[in-house]
Amino acid sequence: MAGGAPGGSARDGGVAGDGWVLPEVEELLASAAVVRLPMRTRFRGLTARETMVFAGPAGWGEFGPFVEYDDAEAANWLRAGIEAAWLGPPPAVHETVPVNATVPAIPADQVSELLKRYPGAGTAKVKVAEPGQTLADDVARVEAAREIIGRVRVDANGGWTVEEAITALRAIGEVEYAEQPCKTVEELAAVRRAVDVPIAADESIRKADDPFRVVAADAADVAVVKVAPLGGMRATLCLAETLGLRVVVSSALDSAVGMAAGVAAAAALADLDLACGLGTGSLFTADVGPSFLMRDGVVEPRWFGPDAHLDLRTHAAGEDRWAWWLDRLRRCHRILEGTAVR
Ligand SMILES: O=C(O)CCC(=O)c1ccccc1C(=O)O
Ligand SMILES: [Mg+2]
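Reading the values: rules and limits
Residues numbered from 1 in each chain as written. Chains lettered and ligands numbered in written order. Predicted model: local features only at pLDDT ≥ 70, side-chain atom pairs only at ≥ 80, totals over all residues. UniProt positions renumbered as here; feature names shortened; annotations may be inferred. Helix = DSSP H or I, 4+ residues; strand = E, 2+ residues; numbered from the N terminus. Rg over C-alpha atoms; globule rule 2.2 N^0.38 Å. Buried ≥ 20, exposed ≤ 12 C-beta atoms within 10 Å, placed from the backbone. Contact = placed C-beta atoms within 7 Å. Near = placed C-beta within 6 Å. Nonpolar A, V, L, I, M, F, W, Y, C, P; charged D, E, K, R; others polar. Pairing = 2+ DSSP bridges. Axes fitted to C-alpha atoms, helices over the stretch in contact; angles between N-to-C directions. Domains from an automatic or database assignment.

- In the annotation of an unreviewed UniProt entry, the entry for the chain reads o-succinylbenzoate synthase, and the organism field reads Gordonia paraffinivorans NBRC 108238.
- What UniProt records for the chain under Cofactor (unreviewed entry) is the sentence "a divalent metal cation".
- We quote the UniProt Sequence similarities (unreviewed entry) comment for the chain here in full: "Belongs to the mandelate racemase/muconate lactonizing enzyme family. MenC type 1 subfamily."

### A short note on the overall build of the chain
- Tallying secondary structure elements over the chain gives eleven helices and 14 strands in all.
- For 342 residues, the compact-globule estimate of 2.2 N^0.38 gives 20 Å, and the C-alpha radius of gyration of the chain, at 19 Å, lies within 12% of that figure.
- With the C-alpha coordinates aligned to their principal axes, the bounding extent of the chain is approximately 60 × 45 × 40 Å.
- Burial status across the chain gives 51% buried among its 342 residues.
- Residue pairs at least 24 apart in sequence account for 66% of intrachain contacts in the chain once pairs closer than 6 positions are excluded.

### A look at the site of ligand 1
- Looking at ligand 1, there are 13 residues lining it, with T102, K125, S250, L253 and G277 nearest.
- Residue classes in the shell around ligand 1 are distributed as two nonpolar, seven polar and four charged.

### Comments concerning the sheet that holds strand β5 (residues 59–63)
- Read from one edge to the other, the open sheet built from three strands follows the order β3-β4-β5, with strand pairing classed as antiparallel. With one partner strand each, in any of the chains shown, β3 (33–43) and β5 form the two edges of the open sheet. Averaged over all adjacent pairs, the angle separating strand axes in this sheet is 40°, with direction ignored.
- Sheet topology places β3 next to strand β4 (residues 46–56); seven bridges connect them, and they run antiparallel. Within β4, the position partnered with P38 by the bridge is A48.
- The strands that helix α2 (residues 71–87) touches are β4 and β5; relative to β5, the one it contacts most, it runs at about 175°.

### As for the UniProt feature "active site" (unreviewed entry) in the chain
- Taken from the UniProt record, the annotation "active site" (unreviewed entry) applies to K127 and K226.
- If you trace the backbone, K127 turns up in strand β8 (residues 123–127).
- Exposure remark for K127: the 22 C-beta atoms within 10 Å place this residue in the buried category.
- In this structure, K127 is in contact with V103, P104, A105 and D155, ignoring residues within four places of it in sequence.

### Some thoughts on the domain arrangement of the chain
- We note that the domain assignment places domain 1 (11–90 + 308–337) and domain 2 (97–299) within the chain.
- Just the C-alpha atoms count here: the centres of domain 1 and domain 2 sit 24 Å apart.
- Opposite the 31 residues of domain 1 that make contact, domain 2 presents 27 residues.
- Broken down by secondary-structure element, the contributors of at least two residues to the side of domain 1 that touches domain 2 are β3, β4, β5 and α2.
- The dominant element in the side of domain 1 that touches domain 2, judged by the number of residues it contributes, is β3, at eight residues.
- Partitioning the side of domain 1 that touches domain 2 into residue classes produces 15 nonpolar, seven polar and nine charged.

### Thoughts on unusual backbone geometry
- For A129, which is not glycine, the phi torsion reads 60° and is therefore positive.
- Its place among the elements puts A129 in the loop between β8 and α4 (135–148).
- For Q180, which is not glycine, the phi torsion reads 40° and is therefore positive.
- With respect to the helices and strands, Q180 occurs in the loop between β10 (178–179) and α6 (185–194).
- Looking at Q180, the number of C-beta atoms within 10 Å reads 26, which means it is buried.

### Comments concerning the UniProt feature "domain: Mandelate racemase/muconate lactonizing enzyme C-terminal" (unreviewed entry) in the chain
- Under the local residue numbering, the UniProt record ascribes the feature "domain: Mandelate racemase/muconate lactonizing enzyme C-terminal" (unreviewed entry) to residues 108–198.
- Helix makes up 44% of residues 108–198 and strand 13%, whereas the separation of the span's terminal C-alpha atoms amounts to 24 Å.

Right, here's the structure in full:
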């Protein structure tokens, strides 16, 4: 996709060869909007998802680092949004992308209702180890999901100690894999040695200075990769291909715009055998454009081109939030100006 013609006034961002450019902040601001999308189910403690989107010559991109992230981390998300808007998606090699149902840390008796939003799902990902909940809650939630969808994976978001993880995974029983059972790479490796369950690394990849530590430490069987925190679709594909682990492309609770980039990255993966975590559009009650909703267990790639009509008004964030995001955009842009891109 070296032909993804960048905007005329955009400056070379210091990248050789791959066509990446850093547009001026003003070019981003010409179309930028901040939205606050209401959520159907609390997820990651959120009941609404605030995010920024903007358009470039190749279409729409998203800049939506969670509000508590610092600028250094958030700058990767900006790079990903600019890549989407200025370069567009890499070529797809799959027409559809298998996706997992995402089950937040809800009571077990609400699981069957939630799973109706994921028609044909062959895999469910169930959140576990939620602060304030018990192992019995996790076991009940997983069992409720398993009754409806045969294949279940769990995601602890680093919430267990090694001992807790071993105990919990024994109690939970057979799962496809356990995602980020503990915080550190060393703990993941220790859990992996102690249980038969395959281990997936998420935070240990996307928040790590060196994602290859997971590989060096034999800490995981599966790598969860996310386009926004990893700095874009191409960076994600590059990492996916060099890690040597099985790969799952997952969302960062993106709006439909960011989701389009996640789905595009997944559709461009050579090996796409595991269901991707790209079904979180179903957790919103409204989105900036048509959501990627699962049908027959899959979603189809599609792109919000420069002429796509998005609804940025209905759920526009207030003036104070716009000012906050604008400031953050400027600070992250300054970080990218000082960074040579790989
Ligand atoms: O993988 C999925 O099914 C949904 C994505 C997801 O769980 C997620 C979304 C936003 C932030 C963190 C995570 C996570 O995987 O931990
Ligand atoms: Mg995770």
